[in-house]
Amino acid sequence: VMDDDNQSVQSTPLVQQKIQKLQLRSSLKTLPRPKNDYEIVVQDDVEEVQENGVSNDVVEDQGILDEMKQLELEEKRKREFAARSQVVQRDLPRPYEINFNFLRPSSDFNQLNDYQKADELIKIELLTMQCYDNLKNPVINPMKRSQDQTDTKLMKEFLEKHPYTEFDENDKKIAEQLIQDEMNNIKKQMGHDEKPLPFNVYVQVWEECLDQILYLPSQ
């Protein structure tokens, strides 16, 4: 270090330290300013961790996932359709309008005998199934462009009083067996057995059914 008289003097450690700091600061000033541009790179082979904690390296194709989902929806639709009435499943003709007037007044129910009560319960069940089917699968009258809102309201009100019940397969099998037993009992009591029904008896039964409950599209 030179003094004012240009004479050399010995530098102390403190002076040397300051000189080094000044030199370092001068060198740092010559460096370019930082841009702070960072790029985060994720590895392509990052393992996908499943819920059970086991890694899964296989990434399923989205097309396969969509196809599996579609198959599940189709199976669900088939199960729901299999639980519907035979009229809907077999696409049988149904009336455009539901007749609620053939029910007896509810106030008279307790005055009916057992056969009449059973008849009313059957009618209620028939109407319940008709309302449910018509709301789920409407029958559009060709003379009308859409289902009458009044009819829709009446069907919903009826189902609120008489909710539709879905039964499992075991209940259905039991019901089918009871119906078959009743059919066999009637055949035995009427003496039909396996013999063909006489034509005049067949005509009589047909006319009675036609007059009371049978629905035909031509009517």
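Residues numbered from 1 in each chain as written. Predicted model: local features only at pLDDT ≥ 70, side-chain atom pairs only at ≥ 80, totals over all residues. Heavy atoms only, no water.

Draft legend 1. Highlighting the layout of surface pockets. As a volume, the largest pocket reaches approximately 2300 Å³. Every residue lining the largest pocket is counted, 50 residues in all, and those nearest its centre are Val87, Leu126, Met129, Gln130 and Ile213. For the lining of the largest pocket, the element with the highest residue contribution is helix α4 (residues 114-136), accounting for ten residues. Broken down by class, the residue content of the lining of the largest pocket amounts to 26 nonpolar, ten polar and 14 charged. Each pocket or cavity is described by its volume, and for the second largest pocket that value is around 380 Å³. Contributing to the lining of the second largest pocket are 15 residues, with Leu103, Ser106, Phe158, Lys161 and His162 lying nearest its centre. Secondary structure elements with two or more residues in the lining of the second largest pocket: α4 and α5 (149-161). (1 Å grid on protein atoms, 1.4 Å probe; cavity = no way out; pocket = protein on both sides within 12 Å on 5 of 7 lines; lining within 4 Å. Points joined across faces, edges and corners; volume = space filled by probe spheres on them. Helix = DSSP H or I, 4+ residues; strand = E, 2+ residues; numbered from the N terminus. Nonpolar A, V, L, I, M, F, W, Y, C, P; charged D, E, K, R; others polar.)

Draft legend 2. Structural view of the packing of aromatic side chains. Enumeration according to the criterion identifies two aromatic pairs in this entry. Here Phe100 and Phe158 contribute two aromatic rings whose centre-to-centre distance is 5.4 Å and whose plane-to-plane angle is 50 degrees, an arrangement assigned as tilted. With Phe100 in the loop between α3 (86-89) and α4 and Phe158 in helix α5, the pair connects residues that are 58 residues apart, well separated along the chain. Their ring planes at 5 degrees and their centres at 3.7 Å tell us that Tyr132 and Tyr164 sit as a pair that is stacked. Linking Tyr132 in helix α4 with Tyr164 in the loop between α5 and α6 (169-189), this pair joins segments that are 32 residues apart in sequence. (Phe/Tyr/Trp six-rings, centres within 6.5 Å; stacked < 30°, edge-to-face > 60°.)

Draft legend 3. Here's a closer look at the packing of α4 against α5. At a minimum axis separation of 9 Å, α4 and α5 run at an interaxial angle of 130 degrees. Between α4 and α5, the crossing angle belongs to the class labelled oblique. You can see that α4 and α5 cross each other, and the crossing is left-handed. Between α4, through Ile124, Leu127, Thr128, Cys131, Tyr132, Asn134 and Leu135, and α5, the contact on the second element is made entirely by Thr152, Met155, Lys156, Phe158 and Leu159. (Axes fitted to C-alpha atoms, helices over the stretch in contact; angles between N-to-C directions. Parallel < 35°, antiparallel > 145°, perpendicular 65-115°, else oblique. Left-handed = near helix turned anticlockwise from the far one by under 90°. Contact = heavy atoms within 4.5 Å.)

Draft legend 4. Representation of a nonpolar patch on the surface in the model. On the surface, Leu197, Phe199, Tyr202 and Trp206 cluster together to form a nonpolar patch covering roughly 460 Å² of accessible area. You can see Leu197 is positioned in the loop between α6 and α7 (199-212). Accessibility expressed as a relative area gives 35% for Leu197, which makes it partly exposed. (Patch = residues over 30% accessible without salt bridge, like charges linked within 9 Å, V, L, I, M, F, W, Y side chains within 5 Å. Areas by Shrake-Rupley, 256 points an atom, 1.4 Å probe, with all protein chains shown as cover. Salt bridge = Lys/Arg side-chain N within 4 Å of Asp/Glu carboxyl O. Buried < 20%, exposed > 50% of the residue type's maximum accessible area, 1.4 Å probe, protein only.)

Draft legend 5. Here's a closer look at the confidence of the model for the protein chain. Per-residue pLDDT for the protein chain averages 77, and the proportion of residues at 70 or more is 75%. Low pLDDT, under 50, characterises residues 1-10; the predicted model gives this stretch seven contacts beyond four residues in sequence or across chains. Contacts from residues 54-58, a stretch scored under 50 in pLDDT, to residues over four places away or in other chains number nine contacts. (pLDDT = per-residue confidence, 0-100.)

Draft legend 6. A positive patch on the surface, seen in detail. Together, Lys18, Lys21, Arg25 and Lys29 make up a region of like positive charge exposed at the surface. For Lys18, the location among the structural elements is in helix α1 (residues 13-29). According to the relative accessible area criterion, Lys18 is exposed, its value standing at 53%. (Lys, Arg positive; Asp, Glu negative; His and termini not counted. Charge placed at Lys NZ, Arg CZ, Asp CG, Glu CD.)

Draft legend 7. View of unusual backbone geometry. Despite not being glycine, Asp91 has its phi angle at roughly 55 degrees, a positive value. Accessibility expressed as a relative area gives 68% for Asp91, which makes it exposed.

Draft legend 8. View of the environment of Phe81. Mapped onto the secondary structure, Phe81 falls in helix α2 (residues 62-82). Judged by its relative accessible area of 33%, Phe81 is partly exposed. Sequence-distant contacts of Phe81, that is, excluding residues within four places in its chain, are made with Val88 and Gln89.

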